Amino acid sequence: MKTIKFFSCPVFIFKLDLNHKKIQKKCLDIRGSRPPDVSRSNVGGYRSDQMDPNDPVFSELIKNININLKEVSLNHMGFITETKICALWFCINKYRDFNKEHIHPFSVLSGVYYVKVPKNSGRIAFVNNNGIDRFLRNDCISTYTAENSSEWYLQPEENTLYIFPSWIKHYAEPNLSQKERTAISFNSDFDIA
């Protein structure tokens, strides 16, 4: 038998070695000094406006994101040029706050870096765009796989970067911890001069 897989929805995961406690403190300082940006996918919580890419606290993170975007763009996605960050913001979700299902239009690759992830603070979920949930009933599936799942969940880890195509629908489950979850999200686009 020959199997051909197509229309893949990859998520690329990179464990980073950054001072995430320093990044967390900076995010809390920003939250304390600026009003939240307009609500987009977030339900509750705090969403920052665009972060300053020249802020020295975020410089190592931005450098790491761009290095890994280059790797994904050129070596895994088959693009002719790399992508670079074009937007960067953070969300702090308190108890029961979450991010509803969404995509990231007007970008190519998107992602999230988890700064602080308390236990039970919610997974990130990716939604299968092909409508499989209208065809397969849960009671007909013995083992969930990439071929038969309507959603796939990842348990976020602190100091970890997740990169995925901007067109994949995704959401963050409610934070059921009494502690706050902090995540820095970004969009990227082709670096065409």
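This write-up is about the structure you can find in this document.

Cut-offs used in this document
Residues numbered from 1 in each chain as written. Predicted model: local features only at pLDDT ≥ 70, side-chain atom pairs only at ≥ 80, totals over all residues. Heavy atoms only, no water. Pairing = 2+ DSSP bridges. Helix = DSSP H or I, 4+ residues; strand = E, 2+ residues; numbered from the N terminus. Contact = heavy atoms within 4.5 Å. Axes fitted to C-alpha atoms, helices over the stretch in contact; angles between N-to-C directions. Phe/Tyr/Trp six-rings, centres within 6.5 Å; stacked < 30°, edge-to-face > 60°. Buried < 20%, exposed > 50% of the residue type's maximum accessible area, 1.4 Å probe, protein only. Lys NZ or Arg CZ within 6 Å of the ring centre and 35° of its normal. Salt bridge = Lys/Arg side-chain N within 4 Å of Asp/Glu carboxyl O.

### Quick look at the sheet that holds strand β6 (residues 109-116)
Then, number 1: Sheet architecture is open: 6 strands sit in the order β1-β9-β6-β11-β4-β3, paired in antiparallel fashion. With one partner strand each, in any of the chains shown, β1 (12-15) and β3 (46-47) form the two edges of the open sheet.
Then, number 2: In terms of strand pairing, strand β4 (residues 83-93) meets strand β11 (residues 181-190) through 10 bridges, oriented antiparallel. Note on β11: the bridge partner recorded for tryptophan 89 is serine 185.
Then, number 3: Strands in contact with helix α2 (residues 56-75) are β1, β4, β6, β9 (160-165) and β11; relative to β4, the strand with the most contacts, it is inclined by about 125 degrees.

### Observations concerning the packing of aromatic side chains
Then, number 1: One pass over the full model with this rule turns up 5 aromatic pairs.
Then, number 2: Aromatic side chains tyrosine 114 and tyrosine 162 sit 5.6 Å apart centroid to centroid with 85 degrees between the ring planes, which places their arrangement in the edge-to-face category. Separated by 48 residues along the polypeptide, tyrosine 114 in strand β6 and tyrosine 162 in strand β9 bring together distant segments of the chain.
Then, number 3: For tyrosine 162, a relative accessible area of 3% gives the class buried.
Then, number 4: The ring of tyrosine 153 carries the charged tip of arginine 123 above its face, separated from the ring centre by 4.0 Å.

### As for the environment of leucine 136
Then, number 1: The residue leucine 136 is located in the loop between β7 (124-127) and β8 (151-154) in this model.
Then, number 2: On the basis of relative accessibility, which here comes to 37%, the residue leucine 136 falls in the partly exposed class.
Then, number 3: For the pair leucine 136 and leucine 161, spaced 25 residues apart in sequence, the C-alpha separation works out to 32 Å.
Then, number 4: Non-local contacts of leucine 136, meaning those with residues more than four positions away in its chain, are made with Ile141 and Asn148.

### Points about the pairing of β7
Then, number 1: Every second residue of β7 is oriented toward a common face, with Ile124 and Phe126 on one face and Ala125 and Val127 on the other, all of them buried.
Then, number 2: Pairing geometry for β7 and β8, over 4 bridges, is antiparallel. Each residue of the ladder has a partner; that of phenylalanine 126, found in β8, is tryptophan 152.

### Here we look at the environment of isoleucine 30
Then, number 1: As for its position among the elements, isoleucine 30 is in helix α1 (residues 20-33).
Then, number 2: Distance from isoleucine 30 to alanine 87, taken between C-alpha atoms, is 17 Å for residues 57 residues apart in sequence.
Then, number 3: When residues no more than four places from it in sequence are discounted, the contact partners of isoleucine 30 are Tyr46, Phe58 and Phe90.

### Focus on the pattern of salt bridges
Then, number 1: Summed over all chains, the structure comprises 12 salt bridges.
Then, number 2: With a closest N to O distance of 3.9 Å, glutamate 157 and lysine 15 form a salt bridge. With glutamate 157 in the loop between β8 and β9 and lysine 15 in strand β1, the pair connects residues that are 142 residues apart, well separated along the chain.
Then, number 3: Since its relative accessible area comes to 56%, lysine 15 is described here as exposed.

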